[in-house]
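Residues per chain, in single letters:
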Amino acid sequence: MSITAKELAKQLGLSATAVSMALNNKAGVSTETRQMVIRAAEEAGFDFTKIKTSESISGIIYVIFYKASNAILSYTPIFDELYEGVKSECQKNKIGTRLVQFNEKTDDLNELFEELRLNDCIGIVLVGTEISKDTCQKFINLNIPLTLLDSYFESLDCNSVLINNSQGAYVATSYLIGITGKQPGYLQSSYNIYNFEARQEGYFKAIKENGMSKSRSIIHRLAPSIEDAMADMLEILDEGTDIAPSYFADNDMIAIGAIKAFKLRGYKVPDDIAIIGFDNISESRIIEPSLTTMDVPRTYIGQTAARQLISQLSTKTYHASKIEINTKMIKRLSHCL
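These figures come from a predicted structure and were not determined experimentally. (Residues numbered from 1 in each chain as written. Predicted model: local features only at pLDDT ≥ 70, side-chain atom pairs only at ≥ 80, totals over all residues. Heavy atoms only, no water.)

K.L.:
Sorry, what's going on with the pattern of salt bridges here?
P.N.:
For the structure shown, the criterion picks out nine salt bridges. Between E89 and R307 there is a salt bridge, with its nearest N and O atoms 3.2 Å apart. Note that E89 is positioned in helix 4 (residues 76-92) and R307 in helix 12 (residues 298-314), a separation of 218 residues in sequence. Residue classification places E89 among the buried positions, given a relative accessible area of 7%. Judged by its relative accessible area of 33%, R307 is partly exposed. (Salt bridge = Lys/Arg side-chain N within 4 Å of Asp/Glu carboxyl O. Helix = DSSP H or I, 4+ residues; strand = E, 2+ residues; numbered from the N terminus. Buried < 20%, exposed > 50% of the residue type's maximum accessible area, 1.4 Å probe, protein only.)

Structure, rendered in structure tokens:
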């Protein structure tokens, strides 16, 4: 005769409710507890056919855009595409979604957590572009299945889906070296997030692999928005700072701001300076000259994050994974010397 859930709870020193949540893959217990219960049940010969299953998953997946400043998430089209990707994948599986925009400076995190606990939240896609590791851990501690989107932390136990930032920066920088035969500069964001750190890694990897010196790289730190990047670049140019023959920029807004500054000071792009951006935002097509950039398949990234979360909701065992989606270059006019 197989062991019952009640007997299993007594054997493990857990409540019957906790064991039921673990066996039925419901939120409310930690990943470690869930895995311990499943292993013990298997070893004790528990009859898993007694667990009621359903082809559909009932409840709502919350898509939370976590905003820590106005530096990055102020450009909403990027994040609209991410959300549409999540939403479309959830709709295929007949799962509802709810969009929440959380501002670290004005909103109460405990109130958000209370909403997640009390309402019909079965999972979270956390858009953590600007989130800190400590805050992300607080979300994980809710014991609600979670996928972290657009960021990654080595020490945290959760699924992560993000751009392959290093690959994109490496491809762009290597391409500039190939067409100019000279060491490209770097238009680096003055606001630091994981994505930009990874892009810096890709830039320097390309520099190193092409036999160039990291210390000879010309780097300008610019604010990651068009108008502020232009103001920062104008100040740099007016100071008479050395200028590189080409640049990789951390994002398109920095690249566009820099192009405007160069043009105001009499430089011709790309005749004097070639530039490649990152993100392929709509403005990159209409700036003069149009911006060569690394395209990010944002809808697909959102779909992938949703699939990861739905898979976690549908299975009893869980292994955290990191998925990086490659970028591809969109060649326009800002790089043609």
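Anyway, onward from the coordinates.
K.L.:
Would you mind showing me how to read the pairing of strand 9 (residues 274-279) here?
P.N.:
Side chains on a regular strand alternate between the two faces of the sheet. Within strand 9, six of the six residues are buried, which leaves the element mostly enclosed by the surrounding structure. Two strands pair when backbone bridges link them, and strand 8 (residues 246-249) and strand 9 are joined in this way by three bridges, in the parallel orientation. Bridging from a neighbouring strand, F248 pairs with I276 of strand 9. The parallel pair strand 8 and strand 9, bridged by helix 10 (residues 252-264), forms a crossover whose chirality is right-handed. The sheet contact formed by strand 9 and strand 10 (residues 292-295) spans four bridges and is parallel. Counterpart to I276 in the pairing with strand 10 is T292. (Pairing = 2+ DSSP bridges. Right-handed = clockwise from strand over helix to strand, strands pointing away.)

K.L.:
Would you mind going over helix 10 with me for this structure?
P.N.:
For an α-helix, the turn length of 3.6 residues means that residues three or four places apart are oriented alike. Between its first and last C-alpha, helix 10 extends 18 Å over 13 residues, near the 18 Å set by a 1.5 Å rise per residue. Burial runs high along helix 10: 10 of the 13 residues are buried. The complete set of buried residues in helix 10 reads D252, M253, I254, A255, I256, G257, A258, I259, A261 and F262. G266 sits one or two positions beyond helix 10 and adopts a positive phi of about 90 degrees. (Expected span 1.5 Å × (residues − 1).)

K.L.:
Explain the environment of D250 to me, please; I cannot follow it from the model alone.
P.N.:
Along the chain, D250 falls in the loop between strand 8 and helix 10. In sequence terms D250 and I144 are 106 residues apart; their C-alpha atoms lie 33 Å from each other.

K.L.:
Any chance you could explain the sheet that holds strand 8 here in plain terms?
P.N.:
Strands in a sheet are paired, the pairing made by backbone hydrogen bonds, and the direction either parallel or antiparallel. With respect to topology, six strands assemble into an open sheet ordered 7-6-8-9-10-12, the strand pairing being mixed. Unpaired on one side and paired on the other, strand 7 (219-222) and strand 12 (328-330) mark the two borders of the sheet. Taking the axes of each pair of neighbouring strands and ignoring which way they run, one obtains an average angle of 25 degrees across the sheet. Helix 8 (residues 194-209) contacts strand 6 (185-189), strand 7, strand 8 and strand 9 of the sheet and is inclined by roughly 170 degrees relative to strand 6. Taken strand by strand, helix 10 contacts strand 6, strand 7, strand 8, strand 9 and strand 10, and its axis lies near 150 degrees from that of strand 9. (Axes fitted to C-alpha atoms, helices over the stretch in contact; angles between N-to-C directions. Contact = heavy atoms within 4.5 Å.)

K.L.:
Mind showing me how you'd approach the sheet that holds strand 11 (residues 322-325) here?
P.N.:
Strand order in the open sheet made by the six strands is 2-1-3-4-5-11, with parallel pairing throughout. For this open sheet the edge positions go to strand 2 (96-103) and strand 11, each flanked by a neighbour on one side alone. On average, each strand axis in the sheet is tilted by 20 degrees relative to the strand beside it, whichever way the strands run. Bridging between strand 3 (residues 121-127) and strand 4 (residues 146-149) involves four bridges; their strand directions are parallel. Paired with I124 across the strands is L146, a residue of strand 4. Packing against the sheet, helix 5 (residues 109-118) makes contact with strand 1 (60-67), strand 2 and strand 3, and its axis sits at approximately 170 degrees to strand 1.

K.L.:
I would appreciate a short explanation of unusual backbone geometry in the present structure.
P.N.:
Most peptide bonds take the trans configuration, and most residues that are not glycine carry a negative phi. Of note, the bond from V269 into P270 is cis; its omega dihedral lies within 30 degrees of zero at 15 degrees. By secondary structure assignment, the location of P270 is in the loop between helix 10 and strand 9. Cis geometry is adopted by the peptide bond preceding P289, which originates at E288 and carries an omega value of 0 degrees. In this structure, P289 sits in the loop between helix 11 (283-286) and strand 10.

K.L.:
Help me understand the packing of helix 1 (residues 5-12) against helix 2 (residues 16-23) in this model?
P.N.:
Geometry of a packed helix pair, given as the angle between the helix axes and the separation of the axes. Viewed as axis vectors pointing N to C, helix 1 and helix 2 meet at an angle of 115 degrees, and their least axial separation amounts to 9 Å. It follows from the interaxial angle that helix 1 and helix 2 lie roughly perpendicular. The two elements helix 1 and helix 2 meet at a crossing, and its hand is right-handed. Along its contact with helix 1, which presents A5, L8 and A9, the element helix 2 presents A16, V19 and L23. Class assignment for the residues of the contact of helix 1 with helix 2 results in six nonpolar, no polar and no charged. (Parallel < 35°, antiparallel > 145°, perpendicular 65-115°, else oblique. Left-handed = near helix turned anticlockwise from the far one by under 90°. Nonpolar A, V, L, I, M, F, W, Y, C, P; charged D, E, K, R; others polar.)

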